[in-house]
Amino acid sequence: MENRLSSWAMNIASSPTLIVDAKAKALKAEGKDVCGFGAGEPDFDTPQFIKDACVKAISEGKTKYIPAAGLQPLREALADDYAAGKGLKNIKFSNIVVSAGGKFSCYLAILAAISPNDEVIIPAPYWVSYPEMVKLAGGKPVFVYAGDESDFKITPEILERAVSSKTKMLILGSPSNPTGSVYTKSELQAIVDFAIKHDIYILSDEIYEHLVYDGVKAVSPATLSEEAQNRVIIVSGFSKTYAMTGWRLGTLCAPDDIAKAVAKLQSQTSSNATTFAQYGALEVFKKPELAKESLAMMLEAFDRRRLMLYDGLNSIKGVSCRRAKGAFYLFPNISSFGLSSTDFCSKLLDEELVAAVPGIAFGSEPNIRFSYAVSDEIIKKGIERISRFCSKL
Ligand SMILES: *Cc1c(COP(=O)(O)O)cnc(C)c1O
């Protein structure tokens, strides 16, 4: 056979964040004392009340197929949250799809909107999966860049240089993985105006919507006007907010036609996300006080670690780090050392057993990504090691 693998399989890259994590885990398994800042998931356990509801659902036999788009009461609770909680207009359960993870929600949204040769503007630094998903839909990623000096946030002026008659979508992540940046309402308004002017969709990845600090609030571009809502596809989920990465539950809130198309695509591919997992997630809306409590506990720890890591990194000569206000990442600039981000990270792991992700994986060579979803002890130890490493460069 000449072409054993398809062009889809050949053209897609492996997730570089998962690769770093795998290398760090392998070293750990060998008994090495690794400070792992590579992982993109909360280090907390899923709140007990959510686990209990899932176990109960299993005991009660909630182990069968349900409608592909998701558990009806969960879709209704999510619709209610988007309508009453966030102020979206005319949102019904039919605008909501529950999928097997926010990642899959993103992919289905792209599949629903992008045809071969359509262009999708992806601001760098970007989440590693966006370009690959666009390619899997036959679309063409078009990159724009905003670095440290602009807090990693793009503006309409930057977008104007990338837009063409083939542009169909802009992908926006706020709070951002990998930078932690959060767009303000007025910055988003300008971007929404750009999207309306050029008649394109915004895929708004809001998976970190609840993980914000320094008093900022994450705004969804969909909430800015009805015209905005009609072209914004919101992706979110439970993974980051409730430490449920392994549950594989993501959500999507979209205009009627897109939501319907996503549900159809899902019905022919994965079918419904795991039934009893959805019963667990439903508990977030049935017991809002408990949900709030567990989120507040995690936020307090994240914020403390964020500041520890921020101060620690900035105390190292040659490293400069912006005070990111969202998610659980810092994205310091290490370009003063004259190493590529890949060489920097691989030396750092080899010499000091500290794992971080090279910025080039996210389309930003001057930076590296640290996740602060790790213990205070690891942050303390990690800073000492990074400091020693940098002083030798
Ligand atoms: C973690 C993450 C997701 C979704 O993760 P799932 O585990 O699939 O729910 C989506 N977007 C970004 C930017 C993420 O970091």
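Above this text you will find the structure in question.
Each chain has its residues counted from 1, following the order in which its sequence is written. Owing to the predicted nature of the model, reporting of local features is limited to residues with pLDDT of at least 70; listing and counting of side-chain atom pairs is limited to 80 or more, with chain, interface and lining totals taken over all residues. Side-chain calculation: all heavy atoms of the structure are included, whereas hydrogens and water are not.

(A) Inspection of the pairing of strand S3 (residues 119-124) at higher detail. The buried count for S3 comes to six of six residues, which makes it a mostly enclosed element. Residue exposure (1.4 Å probe, protein chains only): buried if accessible area is under 20% of the type maximum, exposed if over 50%, otherwise partly exposed. Working definition: helices are DSSP H or I runs of at least four residues, strands are E runs of at least two. Numbering for both runs from the N terminus. Every second residue of S3 is oriented toward a common face, with Glu119, Ile121 and Pro123 on one face and Val120, Ile122 and Ala124 on the other, all of them buried. Whether two strands pair comes down to DSSP finding at least two bridges between them. The pairing of S3 with strand S4 (residues 140-145) spans six bridges and is classified as parallel. Paired with Val120 across the strands is Pro141, a residue of S4. The handedness of a crossover follows from its direction of travel: if, with the strands pointing away from the viewer, the path from the first strand over the helix to the second runs clockwise, the crossover is right-handed. The parallel pair S3 and S4 is bridged by helix H6 (residues 129-136), and the resulting crossover is right-handed.

(B) Main features of the sheet that holds strand S9 (residues 329-330). Ordered by their spatial adjacency, three strands build an open sheet running S9-S12-S11, and the pairing between neighbours is antiparallel. For this open sheet the edge positions go to S9 and strand S11 (357-358), each flanked by a neighbour on one side alone.

(C) Quick peek at the packing of helix H5 (residues 102-113) against H6. Fitting a line to C-alpha atoms yields each axis, with helices limited to the stretch in contact; the angle taken between N-to-C directions then spans 0 to 180 degrees. Relative orientation of the contacting elements H5 and H6 amounts to 40 degrees, with a least axis distance of 9 Å. Between H5 and H6, the angle falls in the class oblique. For the pair H5 and H6, the crossing hand works out as right-handed. On H6, the residues touching Lys103, Cys106, Tyr107 and Ile110 of H5 are Ser129, Tyr130, Met133, Val134 and Leu136. Each residue receives one of three labels: charged for Asp, Glu, Lys and Arg, nonpolar for Ala, Val, Leu, Ile, Met, Phe, Trp, Tyr, Cys and Pro, and polar for the others, Gly being one of them. Across the contact of H5 with H6, the residue classes tally to seven nonpolar, one polar and one charged. Throughout this description, any angle smaller than 35 degrees is read as roughly parallel, any larger than 145 degrees as roughly antiparallel, any in the 65 to 115 degree range as roughly perpendicular, and the remainder as oblique. The hand of a helix crossing depends on one turn: near helix anticlockwise from the far one by less than a right angle means left-handed, and clockwise means right-handed. Two residues form a contact once any of their heavy atoms are found within 4.5 Å.

(D) Representation of the site of the ligand. In the vicinity of the ligand, the contacting residues are Gly101, Gly102, Lys103, Trp127, Tyr130, Asn177, Asp205, Ile207, Tyr208, Ser239, Lys240 and Arg248. Here an oxygen atom of the ligand and a side-chain polar atom of Tyr208 are 2.6 Å apart. At a separation of 2.6 Å, an oxygen atom of the ligand approaches a polar side-chain atom of Ser239. Per-residue accessibility takes into account occlusion by the displayed protein chains alone, with areas from the Shrake-Rupley method and a 1.4 Å probe. If the ligand stood free it would expose 390 Å²; the protein chains cover 93% of that surface. Residue composition of the shell around the ligand, grouped by class: four nonpolar, four polar and four charged. In these notes, residues near a molecule or strand are those with any non-hydrogen atom within 4 Å of it. Each polar contact in these results corresponds to two N or O atoms within 3.5 Å; when the atoms are within protein, one needs to be able to donate a hydrogen and the other to accept it, and residues that are neighboring in sequence are counted only if both atoms are side-chain atoms.

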